[in-house]
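# Descriptive analysis of the structure
Here's the letter readout for the chains.
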Amino acid sequence: MIKRLFDLVDQYQPHLKLIFSERPHFISSLQDYGNRFRDVETEVVELQPLNTDDIHEILQEYYGINHPATLDQIVSISEGLPLFAHLLADQFSNDDQTSDAIAQDKSLEAVFDDVLSDVQKLGEQQGVGSPKKLETYVKYLAAIGELDTNNDDLLQKFREAISVDRATDIELREILTENIGLVAEHSDRLTVQPDALQEYIVYNSFFSDSPRDYQDEIYDNFSEFTGKNQINQLAIIHRRYNCREARKTIRDGLNTEKEKISEYGFAERVKLLRRFKILGSTHPHYAIELVKAVQKEELPEDPEEEQLFRRSMYTASPAGDLLIESIDLLSNALQGEPEDATWWLLWIAVNYPSQSQLQTGSVDQKLREALRPGFNKSPGAQQKILYVIGEHFLSGELDDELRLDLLDVIGEVSSTEIHDFSVDPINRSQMRSWQGKVPVTESWLELRKQAIDLLIEIIRKDPHPEVRKTAAEKLRGFENSQARYYSKHQEVFHQEELAKILGFATEYVSEDEDLQCIDALSRLADRENADELGLKEEIQEFQEELEDNERYQLLQHMRRGGPKKIEEWEAEIRSFAGEMDEGGFEPGDFKDIVSEVTDSSFNQFFMILADERPDFGVQLLEADEPDLKPCLPHVLMGICSADPEKGKDLVNQYIKEERFDLAPAGLRALSSEDLDYVQQKVEDLLGHQSPYPPEFVSGISQVVNGHWEDHQEWTESILLRLLQDAESLDPQSVDSALQPLPLYKDDSKAVDGAILEQVLDYAEKRENLASESHSVQLVIEEVAERDPEQFVDFALQRLENEYTGVSLLPTHLDIETDRMKTAESYESAVSKICERILDTDYYTPMAFSDLTGCFPIADITEHLLPRIPDCSEDQLLQVIWYCKFLPVTEDTKKIYRKVATEGVDNIHEAESVQHVIHSALYTDALATRSLSGVSKKEDEIEMLRDWQEDLSLPSSVRLFAEEAEDRLLDGIEHQEDRLNDF
């Protein structure tokens, strides 16, 4: 048949072409046919893996396959390999199959059998000892999952298992990778491809009426090397082929490990969880039993292994990894064993609260993901998850923070949209997404009802106000979700649910319960399209209850709501104040509001109220209500504005009574009316109260705020005394003390240096400057520009205080270099930095890189270069470490070159210097990155190539540059391979 085709080509050329797809080994026979004809040209093109879209297009256009499930199955099984896509398509082109276990179909097995027959033919043609050797090699390679050719112990065991020597192993390997394309090699690791073929080979060779014993021949021999790969295979084989022997092997392996678990520390337990990770999805009951054993079994006494979880879960530690892996395994089991998996996740959350710091893997995040609607998520399983959460929520076992997190979990049930994601089966660095509405089913509606009932119970029974308020907001979310659903689809999918929510809200308001909850639920009354939702009567009844609720109505007067202008709101407050007598309001009425609801606009309300009704303001001051205390300074300010003389009397009284929480507020309000009086009283206060507590510092600082421009000397003298004689300082009081000062660029030059020094002394002792106000950062910037040497001393002292790394200086310091360079102490500052860089008894320069980064590299380079020839080897290492986190520029190139040429006699004999230069060039954080995320090291490679081409350099330096370039390129290639493998 093939000969006849070539005859036709010869007859009709050049109008006819033949295109064949074939494995590499069988190409030669096709070429032989072509070579028989003088004018027939042949060309070999290597087919690269296809992407998902390409395969879909080919399957639909040329094979007539259009069923979405069949398309995805072929893509998934072929993994983009053209040959397998073709063979599978050829089998299924006339088949109406859907997603029903396509791998179990005889036609799929026929595809794999056909591929394996090629292995047998190849073995016979190659004549490598026994023809069966090649076939055995493939079967054992598939069974162990992955062969790391750099692992000598694994290679030795593999060769012993199939009875081949090293030479035969290499020969067989080349045949399979180069001639037949059945085996892929990535980063020196061999695997049979695609995965589905690998799993079929294992099933067919070791489980399907096979004389071979997988447990003895494979798992017991190779699990220490490729245990995770084998467990993954066994789990899939059990589910795909209903293979009980595969399940038994998993169970036996798991039981063996559980028996030894008391001997394992953190690291070994982490490895164990990772090995059996797939069981969370495939065999969830096994996974939960494993987590239970890992968490409950006591750890061995091993003083060398970390026993405590670190404060931050961002910090890698064996103990933290154990927690992360346990959560991950349990979360995968949520759909299969929802009740037990949820119970154990909550157990971890209760016993290890630090897990909440995980960015993507905390318990509440995993539970949220499980309750979020999805095409492959069972509402029945979600109901069981929610049941366990509800069972424990009000038990008293969960702290407030965890209950608030769990309310976010419950709130996920309200969503009516599905956003599902999956990894592309070919390009695993690419995500695929699907979006659509949740199918309205009885089980889904029952799940929503269960969540609503639980939220109502929490609102009524939970002891914590914030939890109750948040539960009310989540309940409102269910009504909002139906409204959004209606706006998109013009359909109310569950009228009874809406009526239930409104009915509960109306009843709750009528009972005058928690005001925060009433306030949260009140948003339900704002529904504009209530009639369309069939809620007109319910909304009207709810609105009437809100209007009759006196506490809620008072809250509306006290709070600035919506986009209301300040003038309009002030007019409303003054109108309310004029009608207060009719309402018979007492200070206790306002106390009830403030004690339950927190709102920043309350302060403004009380100030305007007292300004309009100073007599009632005095009643508020005299009421002695602890809940009103935060608002009283603004009440006093309102009285002082309306009646300055009455205000002075009150201020004098509070000074005499040492009410330093109130007196400064009154002085602040009076400063625009009678500054002389205020200045005298401030002096009295400063003389009466020393040392000053933080709240006193904040209060007096607010008094002088706004007087800098006209009374700079007075303002600075007061602030300096506050800072110098403070009992202690905290971020709030320091921020208050700095507010009156013009600290932004140019204006800050006029600020008294003594004040800056006081702030610097405060900042020097603060552990983490990231938590300080922006004003502190502005002070540090001003000091750096005004007196660089003082700035350097400040940073180095913080280093002595062990505030290293990102805590050394505030992030994103904006220092004006030109101004700093004109300072008298600039040269001394640079010199001091260079001394520290070269001090081998001091920290490595990486520890204070934030400091060195504030100074121009060129100036530091100018100081360092003349000293490099006289440096010891340890000093040279310090210099290279300084360069390690800097970009490769003309200045750093000078340093590297000076070290390589004059710092050492022969760079090839200075191993430590070589090693650190390699490390510095490889870890440059600012190197150019490609779109793949792998640094291309273009500047580093350019520098090294310049050295190689510079004949004036010693041969040892040129050779070092050549080797360094090779190492960089190898490193880049290795990173790209790892990224592709991932």
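This text goes with the structure placed above it.
Residues numbered from 1 in each chain as written. Predicted model: local features only at pLDDT ≥ 70, side-chain atom pairs only at ≥ 80, totals over all residues. Heavy atoms only, no water.

## Some details on the sheet that holds strand 2 (residues 183–186)
A sheet is described by the order of its strands in space; here three strands give the open sequence 1-3-2, paired in antiparallel fashion. The sheet is open, and its two edges are formed by strand 1 (147–148) and strand 2, each paired on a single side. Strand direction decides the pairing type here: strand 1 and strand 3 (residues 189–192), joined by two bridges, are antiparallel. Along strand 3, the bridge assignment pairs Asp-148 with Arg-189. (Pairing = 2+ DSSP bridges. Helix = DSSP H or I, 4+ residues; strand = E, 2+ residues; numbered from the N terminus.)

## Section: a nonpolar patch on the surface
Judged by side-chain polarity, Phe-421, Val-423 and Met-431 come together as a nonpolar surface patch covering roughly 320 Å² of accessible area. Structurally, Val-423 can be placed in strand 4 (residues 417–423). Classification of Val-423 as partly exposed rests on a relative accessible area of 38%. (Patch = residues over 30% accessible without salt bridge, like charges linked within 9 Å, V, L, I, M, F, W, Y side chains within 5 Å. Areas by Shrake-Rupley, 256 points an atom, 1.4 Å probe, with all protein chains shown as cover. Salt bridge = Lys/Arg side-chain N within 4 Å of Asp/Glu carboxyl O. Buried < 20%, exposed > 50% of the residue type's maximum accessible area, 1.4 Å probe, protein only.)

## Examining helix 18 (residues 363–371)
Counting buried positions over the nine residues of helix 18 gives eight, a clear majority of the element. Those residues of helix 18 not exposed but buried are Val-363, Asp-364, Gln-365, Lys-366, Leu-367, Arg-368, Ala-370 and Leu-371. For helix 18, the secondary structure elements touched by its buried residues are helix 16 (318–332), helix 17 (338–351), helix 19 (379–393) and helix 20 (400–411). (Contact = heavy atoms within 4.5 Å.)

## Regarding unusual backbone geometry
In the segment running from Gln-193 into Pro-194, the intervening peptide bond is cis, with an omega of -5 degrees. The phi dihedral of Asp-624 falls on the positive side, at around 55 degrees, and the residue is not glycine. Checked against the element boundaries, Asp-624 lands in the loop between helix 31 (614–622) and helix 32 (632–642). When its relative accessible area of 68% is taken as the criterion, Asp-624 is described as exposed. Positive phi is not limited to glycine here, since Glu-658 has a value of about 60 degrees. Within the fold, Glu-658 resides in the loop between helix 33 (644–656) and helix 34 (663–670). Classification of Glu-658 by relative accessible area gives partly exposed; the value is 43%.

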